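Topology and contacts: notes
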Amino acid sequence: MPTVALTAGDVAAATGGRLVAGQPSAPIGRIGIDSRVVRPGDFFVAIRGERFDGHDFVGRAFEAGAAGALVERADAAPADGRLLIEVADTTRALQAMAREVRRRSGARVVAITGSAGKTTTKEVCAGLLAERYRVFRNKGNLNNHIGLPLSLLELRDGPDVAVVELGMNHPGEIRTLVGIAEPEVRVWTNVGDAHIGFFASADAIADAKAEILEQAAPGAVLVANADDPRITSRIGRFAGRTVTFGIERPADVRASAVRLLGLDGVQADVETPAGAFRLQSPLLGLGNLANVLAATAVAVTFDVPVEAIASRVTRLEPAHHRGELLRLPGGLTLIDDSYNSSPAALKRSLETVAAASGSARKVAVLGEMLELGSHAPALHRECGAAAREAGLDLLVAVGSGAAADLAAAAVAAGMPAASVAHVADREAAIAETLRRVRPGDLVLVKGSRGIGLDAV
């Protein structure tokens, strides 16, 4: 049984709902929104989405054994006497239930936002905290107004700490998520150009990310990137205590004597308020070093010994499709960073390729970066020039006109035209890449999720 027990009366009270059928004392089992995975005893929440309305699937959920449902229309459910709670808005009700569970659980919540590196920072942070605590982390990228509540509902099982990420592509979204999660510790990793198509500028993105500073109690902690001026210029408004991390500027948790080891990761000397240690991380590049420093700052805040941090860092592994280093049959070495992309993140990945030593040819299969709006042509041209600077021997650009801009910029910067290909989609990218790679090549694959380069 869950550590945090909920009844129908609890849910009705938390959501402002009306108990249409069933008893207030009836227990609420596992909560879900997908009728396809309902198990006997579950409680189904009928969410109205952009493509589907959960009210159309209440009957299916009941057939699968759901013990009850949360709905906006009582007539959407079969009149068979099962538990039924009616609310004005099921999405808001889901969020209210999550907040109630979060409060009852007693878990301390760490919430992470930033333009890049959220998932890696979350995974590293959870790993470091696991040295001392029972830790929950939200799965995959369940980080929006529906995914985050579904994650927090899992705190019913009683972890000590929950590490979650907060995603956004419009103003106001982080504010909503902070209000749901009520984090004791907030982490702001960076401000980049991801989703800039929805904003007027990078400063507008920073203002939206700065919603992570809001609704903070005096005892709250903010872990902030000291190397990012758009962050440091905004954190003065935070009501709690700030702990900084960085590489280039003074910070509470700072790396010095940094050595990029190419495909072997990174090494650095790290100073923290709790002591110093030698960091040896297998995660690739400076971007991941910053992610590890952010997680270290969180772990130090939770009194994890620096010796335990140093030991755990040596055993880190990247999340799936997020900088995974794979040695493939036939002598190929693959950096699988295909989950997503943005201009800033792509440049960091290219820096990692550039730092790789040895005689291997350097190949990059780079997908178009989406959600950049009118900034797309210029940002793709910048990345094309960065591809040339990385010393690539072969570039395959994948996507529409913006990908063509990237390819053309690489040629304009000095790459031989015969070493650059532009293809329309992932199927063409697969064919072109397989045709042109050779045994011994180092291959980077990176692109926006919508381009689907995980297939490559």
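These lines cover the structure that appears in this document, whether it is placed above or below. (Residues numbered from 1 in each chain as written. Predicted model: local features only at pLDDT ≥ 70, side-chain atom pairs only at ≥ 80, totals over all residues. Heavy atoms only, no water.)

1. Considering the sheet that holds strand 15 (residues 324–327)
For clarity, the threshold we go by: One bridge is not enough; two strands pair if DSSP finds at least two bridges between them. Secondary structure elements are taken from DSSP: a helix is a run of H or I of four residues or more, a strand is a run of E of two residues or more, and numbering for both begins at the N terminus. For helices, the fitted axis covers only the stretch in contact; all axes are lines through C-alpha atoms, and the angles between them, taken along N-to-C directions, range from 0 to 180 degrees.
On the basis of which strands lie adjacent, the open sheet formed by 6 strands has the order 15-16-20-17-18-19 and mixed pairing. Two strands close off the open sheet at either side, each with one partner strand: strand 15 and strand 19 (420–423). Recorded for the sheet is a direction-independent mean angle of 15° between the axes of neighbouring strands. By the bridge criterion, 4 bridges tie strand 15 to strand 16 (residues 333–337) in an arrangement that is antiparallel. In the sheet register, Arg327 faces strand 16, and the bridge partner there is Thr333.

2. Considerations on the sheet that holds strand 7 (residues 135–137)
The strand order across the open sheet formed by 9 strands is 7-8-6-9-10-11-12-13-14, and the pairing between neighbours is mixed. Unpaired on one side and paired on the other, strand 7 and strand 14 (275–281) mark the two borders of the sheet. Across the sheet, the axes of successive neighbouring strands diverge by a mean angle of 15°, strand direction being ignored. Sheet analysis places strand 6 (residues 108–113) next to strand 9 (residues 185–188), joined by 4 bridges and oriented parallel. Of the residues in strand 9, the one forming a bridge with Ile112 is Val187.

3. A word on the nonpolar core
What counts here: Only buried residues count toward a nonpolar core, which is a set of Ala, Val, Leu, Ile, Met, Phe, Trp, Tyr and Cys residues joined through side-chain atoms within 4.5 Å. Any residue under 20% of the maximum accessible area for its type is buried, any over 50% is exposed, and the rest in between are partly exposed; the area is computed with a 1.4 Å probe on protein chains only. Residues are treated as being in contact if the distance between any of their heavy atoms lies within 4.5 Å.
Counting 80 residues, the largest nonpolar core has Ile31, Leu70, Leu166, Leu392 and Leu395 as the members making the most contacts within it. Beyond its immediate chain neighbours, meaning those up to four positions away, Leu166 contacts Ala111, Ile112, Thr113, Lys118, Asn143, Leu148, Ile174, Leu177, Val178 and Ile212. Val253, Ala268, Ala308 and Ile309 belong to the second-largest nonpolar core, a separate cluster that totals 41 residues.

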